[in-house]
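Chains, contacts and geometry: an overview
If you want the building blocks of each chain, they are given just below.
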Amino acid sequence: MSSPTSPEPSPAPVTGDLGQRLYRGILAALLLYFVAKLLFFAVSIRPELPPDEVTHIGRAHLFAQALWIPDDGPATWRYGLIEGKPFLYYVLMGKTLQLFGWLPLSDVLLLRLVNAVLGLVTVLYGLRWIRLMTPNRIVHLLFAAILTNILMFTGICAAVSYDNLTNALAAMALFYTFAFFRDRSAESLAKGQLALAAGALTKFTFLPLLFIVEVVLVAREGRRLAGTWSEVRAALRPAQGARGRRVLFAVTAVVGFGAAGFYGTNLLVFGHLTPKPEQVLTLEQAMQNRIFARNFIVKQFKEGNLTYEQAVELTRGIHNPGNRHRARNLLALARDPDRLQASLMGPVEYVWAWGNFMLADGLGYHGHKVMRKWGKDLYPVLILLLLVLVLFIRKWQPEDAGGGWTAAAIIAFFYAMVLLWVVNYRVYLGSGMLDYALQGRYIFPVLIPIVGIVAYYLVAFLPRRSQVLVALLVGGYFVYGELPFFLDHSNRAWFSAGLTMDSAGLEE
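Remember, predicted model here, so these are calculated numbers, not experimental data. (Residues numbered from 1 in each chain as written. Predicted model: local features only at pLDDT ≥ 70, side-chain atom pairs only at ≥ 80, totals over all residues. Heavy atoms only, no water.)

1. Observations concerning the overall build of the protein
Assigned secondary structure in the protein consists of 23 helices and two strands. Against the globule reference of 23 Å for 508 residues, the protein gives a C-alpha radius of gyration of 24 Å, in line with a compact fold. Within the span of the protein, comprising 508 residues, buried residues form 52% of the whole. Put simply, 78% of the contacts in the protein that link residues at least 6 apart link residues at least 24 apart. Carbon and sulfur atoms provide 64% of the accessible area of the protein, an area that totals close to 23,400 Å². Each charge sign in the protein was given a centre, from 46 positive and 33 negative side chains, and these centres are 8 Å apart. (Helix = DSSP H or I, 4+ residues; strand = E, 2+ residues; numbered from the N terminus. Rg over C-alpha atoms; globule rule 2.2 N^0.38 Å. Buried < 20%, exposed > 50% of the residue type's maximum accessible area, 1.4 Å probe, protein only. Contact = heavy atoms within 4.5 Å. Areas by Shrake-Rupley, 256 points an atom, 1.4 Å probe, with all protein chains shown as cover. Lys, Arg positive; Asp, Glu negative; His and termini not counted. Charge placed at Lys NZ, Arg CZ, Asp CG, Glu CD.)

2. Some points on the pattern of salt bridges
For side chains of opposite charge, pairing can occur when their charged atoms come near one another. In this structure the tally under the stated criterion is 14 salt bridges. In this structure, Glu-482 and Lys-37 form a salt bridge, with 2.4 Å as the shortest nitrogen-oxygen distance. Residue Glu-482 is found in the loop between helix H22 (464-480) and helix H23 (483-489), and its partner Lys-37 is found in helix H1 (residues 16-44); the two are separated by 445 residues along the sequence. Using a relative accessible area of 1% as the deciding quantity, one classes Lys-37 as buried. Ionic pairing is found between Asp-377 and Lys-376, a salt bridge with its closest N-O pair at 3.7 Å. Of the residues examined, Asp-377 reaches a relative accessible area of 21% and is grouped as partly exposed. For Lys-376, a relative accessible area of 66% puts it in the exposed group. (Salt bridge = Lys/Arg side-chain N within 4 Å of Asp/Glu carboxyl O.)

3. Some words on the packing of aromatic side chains
Under the criterion given, the structure shown has 37 aromatic pairs. Here Phe-301 and Tyr-308 contribute two aromatic rings whose centre-to-centre distance is 5.9 Å and whose plane-to-plane angle is 65°, an arrangement assigned as edge-to-face. Overall, the relative accessible area of 13% leaves Phe-301 in the buried class. Aromatic rings pair up to connect Trp-129, Phe-178, Phe-181, Phe-392, Trp-396, Trp-405, Tyr-456, Tyr-457 and Phe-461 into one cluster. Positioned above the aromatic ring of Tyr-23 is the side chain of Arg-137, whose terminal nitrogen or guanidinium carbon lies 5.5 Å from the ring centre. Taking NZ or CZ as reference, Lys-373 lies 4.8 Å from the ring centre of Phe-485, over its face. (Phe/Tyr/Trp six-rings, centres within 6.5 Å; stacked < 30°, edge-to-face > 60°. Lys NZ or Arg CZ within 6 Å of the ring centre and 35° of its normal.)

4. Here we look at the environment of Phe-478
The topology assignment puts Phe-478 in helix H22. For Phe-478, a relative accessible area of 8% translates into the label buried. In this structure, the C-alpha to C-alpha distance between Phe-478 and Gly-271, residues 207 residues apart in sequence, is 45 Å. With residues near it in sequence (within four places) discarded, Phe-478 still touches Ala-145, Ile-146, Asn-149, Leu-363 and Leu-384.

5. A few points about helix H5 (residues 137-147)
Across the eleven residues that make up H5, a large majority, eleven, are buried. The N-capping residue of H5, defined by a side-chain oxygen 2.9 Å from the backbone nitrogen of Ile-138, is Asn-136. (Polar contact = N/O pair within 3.5 Å; in protein donor to acceptor, adjacent residues only side chain to side chain.)

6. Section: a nonpolar patch on the surface
On the surface, a nonpolar cluster with roughly 290 Å² of combined accessible area is contributed by Val-351, Trp-421, Val-422 and Val-423. Element by element, the count of residues in the nonpolar patch is highest for helix H20 (residues 404-431), at three residues. Inspection of the secondary structure assignment puts Trp-421 in helix H20. (Patch = residues over 30% accessible without salt bridge, like charges linked within 9 Å, V, L, I, M, F, W, Y side chains within 5 Å.)

7. Structural notes on the confidence of the model for the protein
Averaged over the protein, the pLDDT score is 91; the fraction of residues at 70 or greater is 92%. The element-level mean pLDDT for the protein is lowest in helix H10 (residues 224-235), coming to 69, with helix H6 (residues 151-157) highest at 98. Below pLDDT 50 for its whole length, residues 1-7 participates in 15 contacts with residues either more than four positions away or in separate chains. Considering only residues more than four positions removed or in separate chains, one finds that residues 10-16, a stretch of pLDDT under 50, has 18 contacts. (pLDDT = per-residue confidence, 0-100.)

8. Re the side chain of Thr-154
Looking at the secondary structure, you find Thr-154 in helix H6. In this structure the side chain of Thr-154 is engaged in a polar contact, spanning 2.5 Å, whose partner is the side chain of Glu-482. Leaving out residues up to four positions away in the same chain, Thr-154 has contacts with Phe-34, Lys-37, Leu-38, Phe-41, Thr-148 and Glu-482.

9. Concerning unusual backbone geometry
Although it is not a glycine, Asp-52 adopts a positive phi angle of roughly 60°. Position of Asp-52 among the secondary structure elements: in the loop between H1 and helix H2 (53-64). A positive phi angle, close to 60°, is found at Ala-437, a residue other than glycine. In this structure, Ala-437 sits in the loop between H20 and helix H21 (447-459). Residue classification places Ala-437 among the partly exposed residues on the basis of a relative accessible area of 34%.

10. Topic: the side chain of Arg-326
Note that Arg-326 resides in helix H16 (residues 321-334). Residue class for Arg-326 comes out buried when judged on its relative accessible area of 18%. In this view, Arg-326 contacts Arg-294, Met-433, Asp-435 and Tyr-436; residues no more than four positions away in its chain are not counted.

11. Let's talk about the nonpolar core
Residues Trp-129, Phe-153, Phe-178, Trp-405 and Ile-411 are the most contacted members of the largest nonpolar core, which totals 134 residues. The residues contacting Trp-129, other than those within four sequence positions of it, are Leu-174, Phe-175, Phe-178, Trp-405, Ala-408, Ile-448, Pro-449 and Gly-452. Ile-297, Val-298, Phe-301 and Met-433 belong to the second largest nonpolar core, which has 13 residues in total. (Core = buried A, V, L, I, M, F, W, Y, C linked by side-chain atoms within 4.5 Å.)

As structure tokens, then:
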């Protein structure tokens, strides 16, 4: 294994006291601009528009009324199954409403502000991670400029969504795991494992990231992990000043075993890592949830248990217009399976379409209103990514950043492959719809290593002046292509009355 102190291809291009002040000033300006955008979106965007926000708010209220996790009942059915589902985000939001509900803010705004803090935590840990990877300040600034000016990322950070805790924990897990690669510290390892375990209790789709990071950790560190375990055991012995470490290791063990027990119990009881709604609820109860109703009706039609007319009639019971429309589109496609199969893209064609859609969706906005980037708005990013790919192939060395860039690329690549082949392509083959269960934000748990690779390989190997020029051009493009793009393409239908909005009476 190469040394973690591998030389940079180019030294940090800004030095001296003036350079440090300029660096901090630009970084502070980018972060303040990001915070201002979060506040703008949190205050102004209608609560019906961000993806599933009304459901997340409803579930937060249910958890606020319980001491820990509420039981499934008439009040919960419309929001989906509670039992056996990851719960950490909703516990946090529920406790937020319990502790701070007295503030003169609507519930929607209060929860959005807490989520904005989670979004800021994601960015700050991203910055800690990129500083760990390279001392090059131009790379840091370009990384910050790109990360904080991705429209869907900013939009979801200012909305009520379990994606925000998922992304924050992913950023923390990556930072502490990569810190362990450098310092071989038991504390870094424990913090990384704690973040991974907490992420597993936040969202089911965090599990592939957990698995990939653990495989990279074991493959990279191997026998050295045994030495770290000896350090942990030594730290647990009573000693002056070791209380904090003992608490950290104890919490990590509790959360880690808790996550393993949570999914292990589900597997033993239900035969799945998370139960299906019909395993806990009656069909009538489960059908009150719009997502389950949509999927169940389409499945029943495909299996021949419903005629087309009967299935369409059942969709009238789906009160959410978007899900009702989606169900009818799926039924229409499933009505002629031979024609559907003949129209499906092959794997190679699908990879290109998937990549384009992920970019258009992630750089745009996808909620219950959609604003994607296509055509001329997407071409510069496609060219930019193609250039990064060429530079990565030409310049990559296994020992760069002590093997850190290799690990980052592996984690990002395999997580994307899980999304592409295990999830999205299978859904596409069954539905015939490219955009079904496919959204750009699904890649955000590995957004930090992706943006880091882009920023590093674009500028790190250039001469000093060229680094500055490229960073200004690329960073400026992302800044201009985010909030200005949104304001130019939005209308009144996107915006609420502002601070007075309330969650009462919101419809999914």
